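If you want the building blocks of each chain, they are given just below.
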Amino acid sequence: MSKLTIGQILDKYPFAMSYFVENKLDIEDYKDKTFEEFLNGFTHEQVEDLAMDKDELLGNLDIFINQMKEFLGIKEEVGVRSLTILPGFDKSGEPEGFNELTINTSQIISIVGPTGAGKSRLLADIEWTAQKDTPTGRSILINDELPDKKWRFSSNNKLVAQLSQNMNFVMDLTVMEFLQLHAESRLVEDIEGTIQRIIQAANSLAGEKFQLDTPVTALSGGQSRALMIADTAILSSSPIVLIDEIENAGIDRRKALNLLIDEDKIVLMATHDPTLALIADKRIIIRNGGIAKIIETTEEEKEILLRLEKMDTYIQNMRSSLRNGESLSI
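Reading guide: rules and limits
Residues numbered from 1 in each chain as written. Predicted model: local features only at pLDDT ≥ 70, side-chain atom pairs only at ≥ 80, totals over all residues. Heavy atoms only, no water. Helix = DSSP H or I, 4+ residues; strand = E, 2+ residues; numbered from the N terminus. Buried < 20%, exposed > 50% of the residue type's maximum accessible area, 1.4 Å probe, protein only. Contact = heavy atoms within 4.5 Å. Lys, Arg positive; Asp, Glu negative; His and termini not counted. Charge placed at Lys NZ, Arg CZ, Asp CG, Glu CD. Expected span 1.5 Å × (residues − 1). Pairing = 2+ DSSP bridges. Axes fitted to C-alpha atoms, helices over the stretch in contact; angles between N-to-C directions. Patch = residues over 30% accessible without salt bridge, like charges linked within 9 Å, V, L, I, M, F, W, Y side chains within 5 Å. Areas by Shrake-Rupley, 256 points an atom, 1.4 Å probe, with all protein chains shown as cover. Salt bridge = Lys/Arg side-chain N within 4 Å of Asp/Glu carboxyl O.

*Asks:* Would you explain the overall build of the protein in this entry?
*Replies:* Within the protein, the secondary structure is distributed over 13 helices and nine strands. With the C-alpha coordinates aligned to their principal axes, the bounding extent of the protein is approximately 80 × 50 × 30 Å. Of all 330 residues assigned to the protein, the portion counted as buried reaches 45%. Relative to all contacts within the protein whose residues are 6 or more apart in sequence, the contacts with residues 24 or more apart total 67%. Distance from the positive charge centre (35 side chains) to the negative charge centre (54 side chains) of the protein: 5 Å.

*Asks:* Which parts of the structure should I look at to understand helix α10 (residues 221-234)?
*Replies:* Note: α-helices contain 3.6 residues per turn, so residues at a spacing of three or four share the same orientation. Its 14 residues give α10 an end-to-end C-alpha distance of 20 Å, which sits within 8% of 20 Å, the value for a rise of 1.5 Å per residue. Across the 14 residues that make up α10, a large majority, 13, are buried.

*Asks:* I would appreciate a short explanation of the sheet that holds strand β7 (residues 266-270) in the present structure.
*Replies:* Strands belonging to one sheet form pairs held by backbone hydrogen bonds; the direction of such a pair is parallel or antiparallel. In space, the six strands of this open sheet follow the order β5-β6-β7-β3-β8-β9, with mixed pairing throughout. The open sheet has two free edges, formed respectively by β5 (160-163) and β9 (290-296), since each of these has just one partner strand. Neighbour-to-neighbour, the strand axes of the sheet open up by a mean angle of 20 degrees, direction not taken into account. In this sheet, strand β6 (residues 240-244) lies alongside β5 in parallel orientation, the contact comprising four bridges. Residue Gln 162 lies in a different strand from β6, and its bridge partner there is Leu 242. Taken strand by strand, α10 contacts β5 and β6, and its axis lies near 170 degrees from that of β5.

*Asks:* Before we go on, may I ask you to explain the sheet that holds strand β4 (residues 139-142) in this structure?
*Replies:* Read from one edge of the open sheet, three strands run β2-β1-β4, paired in antiparallel fashion. Only two strands of the sheet have a single neighbouring strand rather than two, namely β2 (101-104) and β4. Neighbour to neighbour, the strand axes of the sheet diverge by 15 degrees on average, direction disregarded. With four bridges joining them, strand β1 (residues 82-86) and β2 adopt antiparallel strand pairing. Paired with Ser 82 across the bridge in β2 is Asn 104.

*Asks:* Help me understand the environment of Asp 32 in this model?
*Replies:* Along the polypeptide, Asp 32 turns up in the loop between α2 (17-22) and α3 (35-40). Using a relative accessible area of 60% as the deciding quantity, one classes Asp 32 as exposed. Sequence separation between Asp 32 and Gly 7 is 25 residues; the distance between their C-alpha atoms is 6.1 Å.

*Asks:* How do you make sense of a negative patch on the surface when you look at a structure like this?
*Replies:* Where like charges cluster on the molecular surface, the negative patch consists of Asp 32, Glu 36, Glu 37, Asp 53, Asp 55 and Glu 56. Mapped onto the negative patch, the elements with two or more residues apiece are α3 and α5 (54-72). Summarising the element assignment, Glu 56 is placed in helix α5. The exposure class of Glu 56 is partly exposed, given its relative accessible area of 47%.

Following this line, the structure appears as structure tokens:
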């Protein structure tokens, strides 16, 4: 949007004229300029006299257009195809140990490092689409370009959906009511079909199945995590998903990751589990608040992964036997 002239914006989205009228902006003679160029044409005195917040006006135009597009069912916008992280500095001011990292949709990247090493700071940089304006000095590109301001200012366009270790519901709703509210807020046409997809996906992840009439407050930790992963994969508009310590979720981890990448998500996964670290295409090593290095999963590591997954399957089978009240044997 930032590269379009005002005239091009109006040609593409005629309803945008109401935004300029409501904000008392006379753009009639400036249609060959971008909106940012138009705003930069105001003098410092004019900005003060009009109590103008140029950044807010820029961001709100994106929000207004995106909300109107959703309301009118316009879906031509190109989504996020790739995320690029450009290096900054660690806590000591030393340059980070990589040149750049580009992550494409349907890729899984694990984040490995001691607790407190800087995972949250990395996530914040991605969420805020940092442009050397955060403590790390990193920059973020979307689709190999400077990111649209909507990722910073629009409440309807969250770049990152977070799935934290603890998923505790406090609302007095059934699973059906919870999913219906979310589907309606996303203006989904086939609400019933979408809800069925989500519940089926969630039950394929959870150790114990649950029903649509189950209160969300009655779900176990694993069931809650399964529901939110399925909901995020199928309903969330966020193109990037961060999962924190999925190894403790009590769900089928491989199926969960496959579900997310099948829905064209970019998955960032903070983990201490070697199996999950090696499932990823690459892993980010964080130390002292910075990215120390990036390691691509090698062929030898993939062979190790096969052994780890066999061990994991063995443990999962033992866990199922215990749940079913069976005696264990070698």
